[in-house]
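So the chains spell out like this:
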Amino acid sequence: MLQSIGWGGYFVLRTLSGLANAVEWTYVVHTLLLTATGYSITLLMAAVYRRLIRMKPIYTWVGSIIIVIVAAAAFSAIETWSYGTIIRPGSSLGGIRFLGAILLTAALLIAWSALYYSINFYLLLEEQSDRLLRLENQASSAQLAMLRYQLNPHFLFNTLNSISTLVLLKQTERANAMLSRLSSFLRYTLVNESTGLVTVAQEIETLKLYLEIEKMRFEERLRPHFHIDPSCSRALLPSLLLQPLIENAIKYAVTPQEEGADIAIEVKCQTGRVLITVSDTGPGADTLNRTRADGSTGVGLANIRDRLAQAYGDNHRFETQSEITGGFRVLIDIPYQVEEAEEPK
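This write-up is about the structure you can find in this document. (Residues numbered from 1 in each chain as written. Predicted model: local features only at pLDDT ≥ 70, side-chain atom pairs only at ≥ 80, totals over all residues. Heavy atoms only, no water.)

**So, the side chain of H30**
So, point 1. With respect to the helices and strands, the residue H30 is situated in helix α2 (residues 26-52).
So, point 2. For H30, the side chain forms a polar contact with the side chain of S82, separated by 2.6 Å.
So, point 3. Once residues lying within four places of it in the same chain are set aside, the contact partners of H30 are R14, E79, S82, Y83, I86 and I87. (Helix = DSSP H or I, 4+ residues; strand = E, 2+ residues; numbered from the N terminus. Polar contact = N/O pair within 3.5 Å; in protein donor to acceptor, adjacent residues only side chain to side chain. Contact = heavy atoms within 4.5 Å.)

Structure representation (structure tokens):
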């Protein structure tokens, strides 16, 4: 399309210039022949340039210069012949006329070559940028998948170990009930893609399934509380983001205390943000804070930090708070996002 527009403009300008100088109609034929010649030659040049543009710069430069010289000589030869045949039949086709033609033609083809390489280098840059963006997205998705898959084996190990204990104690009814709830939990979590987002409502439903399983282990020692702002139910967050927080609370707050602990999950929306708080009434000492952050299994809080960084970059906040008198709290602040266009709550 650009070739057609460019050479079409060349024909129009040269024709108008000739008419302005009161030339004969044969000049139009001459101009038409030159336009067809230039169009054909530059199409051939473009075919060669498509190969040269992907080579080393030295080959591109040398090859382009040689092609411009050969093309300018061929174009000028045809132009000189056409002038001596159509415009001035029988006139001399001396070297001066050919030299003047080749200088003008070389300037024209150099400008055309510069424009060709400029456009195509831009297109190549766009193509490379798109490819790099796709690779970054794939790497990000792969890392998110890896981070999430770290969670499931950890949870499965604990649950299956509890089921094994119930079987050894011949508490088959409780073991069957735990297996049934584990099946429901896994079925619910596998519905979502490993790298996808879920709504707050779905994430809370998943947590309740998980807590039903743990409740069978700890009974009244585990006391969960949910405070969910209804306006946040459709907000999106990475799937299974909160499960390791609950798991940590059970491990460090419920398990070591004979009376157990309360675990509170609060979600509220504020000025285009989703604020999530997970707190417990465990020991909450500074040394415990460090233990939680490190995590004996290599997942947990560090995993959540990585997942939030992958999903939101710097547009999030993740904080932990621990009091000497007791209690541990995790604060998560993420952007309010929904699947459909909707004003932030």
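**Side note on a nonpolar patch on the surface**
So, point 1. Among the surface-exposed residues, M55, I58, Y59, W61, V62, I65, I66, I69 and V70 lie close enough to one another that they form a single nonpolar patch of about 970 Å² accessible area.
So, point 2. Relative to the assigned elements, W61 resides in helix α3 (residues 57-87).
So, point 3. W61 gets classed as exposed once you look at its relative accessible area, which sits at 62%. (Patch = residues over 30% accessible without salt bridge, like charges linked within 9 Å, V, L, I, M, F, W, Y side chains within 5 Å. Areas by Shrake-Rupley, 256 points an atom, 1.4 Å probe, with all protein chains shown as cover. Salt bridge = Lys/Arg side-chain N within 4 Å of Asp/Glu carboxyl O. Buried < 20%, exposed > 50% of the residue type's maximum accessible area, 1.4 Å probe, protein only.)

**Here's the deal with the layout of surface pockets**
So, point 1. Here the largest pocket defines a volume of roughly 460 Å³.
So, point 2. Along the walls of the largest pocket sit 17 residues, with L2, Q3, W112, L115 and Y116 positioned nearest its centre.
So, point 3. Of all elements in the fold, only α1 (2-20), α2 and α4 (95-168) reach the threshold of two or more residues within the lining of the largest pocket.
So, point 4. In terms of residue count, the dominant contributor to the lining of the largest pocket is α4 (eight residues).
So, point 5. Of the residues contributing to the lining of the largest pocket, the split by class is 13 nonpolar, three polar and one charged.
So, point 6. When its volume is computed, the second largest pocket comes out at roughly 320 Å³.
So, point 7. For the lining of the second largest pocket, the elements supplying multiple residues, two or more each, are α3 and α4.
So, point 8. The element best represented in the lining of the second largest pocket is α3, accounting for six residues.
So, point 9. Each residue belonging to the lining of the second largest pocket can be placed in one class, and the counts come to ten nonpolar, three polar and no charged. (1 Å grid on protein atoms, 1.4 Å probe; cavity = no way out; pocket = protein on both sides within 12 Å on 5 of 7 lines; lining within 4 Å. Points joined across faces, edges and corners; volume = space filled by probe spheres on them. Nonpolar A, V, L, I, M, F, W, Y, C, P; charged D, E, K, R; others polar.)

**Things to note about the state of the cysteines**
The term disulfide refers to a covalent linkage connecting the sulfur atoms of a pair of cysteines.
So, point 1. Taken as a whole, this structure holds one disulfide when the rule is applied.
So, point 2. At a sulfur-sulfur separation of 2.0 Å, the disulfide partner of C232 is C269. Note that C232 is positioned in the loop between β2 (222-228) and β3 (236-238) and C269 in strand β4 (residues 261-270), a separation of 37 residues in sequence.
So, point 3. Judged by its relative accessible area of 0%, C232 falls in the buried class.
So, point 4. Exposure remark for C269: the relative accessible area of 14% places this residue in the buried category. (Disulfide = S-S within 2.5 Å.)

**Observations regarding helix α9 (residues 301-312)**
So, point 1. Here α9 is twelve residues long and its end C-alpha atoms lie 16 Å apart, about the 16 Å a rise of 1.5 Å per residue gives.
So, point 2. Of the positions making up α9, those classed as buried are L301, N303, I304, R307, L308 and Y312. Taken end-on, α9 shows its buried residues confined to a sector of 150°, consistent with a single buried face.
So, point 3. Where α9 ends, the next residue or the one after it, G313, has phi of about 65°, a positive value. (Expected span 1.5 Å × (residues − 1). Arc of directions from axis to C-beta.)

**Some remarks on helix α6 (residues 200-218)**
So, point 1. Taking 1.5 Å per residue as the helical rise, α6 with its 19 residues ought to reach 27 Å, and the 26 Å between its terminal C-alpha atoms agrees with that figure.
So, point 2. Considered for burial, the residues of α6 that qualify are V200, E203, I204, T206, L207, L209, Y210, L211, I213, E214, M216 and F218.
So, point 3. E219 sits one or two positions beyond α6 and adopts a positive phi of about 50°.

**Details of the pattern of salt bridges**
So, point 1. If you walk through the whole model with that rule in mind, you get seven salt bridges.
So, point 2. Among the ionic pairs, R131 bridges to E127, the shortest N-O distance being 2.9 Å. You can see R131 and its partner E127 sitting in helix α4, four residues apart, about one turn around the helix.
So, point 3. Taking the relative accessible area as the measure of exposure, E127 reaches 35% and is therefore partly exposed.

**Re the packing of α6 against helix α7 (residues 243-254)**
So, point 1. Where α6 contacts α7, the two axes come as close as 10 Å, and the packing angle between them is 25°. Our classification of the angle between α6 and α7 gives roughly parallel. Along this stretch, α6 crosses α7, giving a crossing that reads as right-handed. Counted together, E203, L207, Y210, L211, E214 and F218 of α6 and Q243, I246, E247, I250 and V254 of α7 form the full contact between these two elements.
So, point 2. Considered class by class, the residues forming the contact of α6 with α7 number seven nonpolar, one polar and three charged. (Axes fitted to C-alpha atoms, helices over the stretch in contact; angles between N-to-C directions. Parallel < 35°, antiparallel > 145°, perpendicular 65-115°, else oblique. Left-handed = near helix turned anticlockwise from the far one by under 90°.)

**Remarks on the packing of aromatic side chains**
So, point 1. A complete count under the given rule lists eight aromatic pairs for this structure.
So, point 2. Between Y49 and W112, the ring centres sit 5.9 Å apart and the planes meet at 35°, which makes this aromatic pair tilted. Here W112 lies in helix α4 and Y49 lies in helix α2, a separation of 63 residues in the sequence. We note that Y49, like W112, is buried.
So, point 3. One aromatic cluster is present, built from ring pairs that chain together Y49, W112, Y116, Y117 and F121.
So, point 4. Above the face of the F226 ring, K208 is positioned so that its terminal group lies 5.3 Å from the ring centre. (Phe/Tyr/Trp six-rings, centres within 6.5 Å; stacked < 30°, edge-to-face > 60°. Lys NZ or Arg CZ within 6 Å of the ring centre and 35° of its normal.)

Everything listed is a geometric property; what it means functionally is a separate question.
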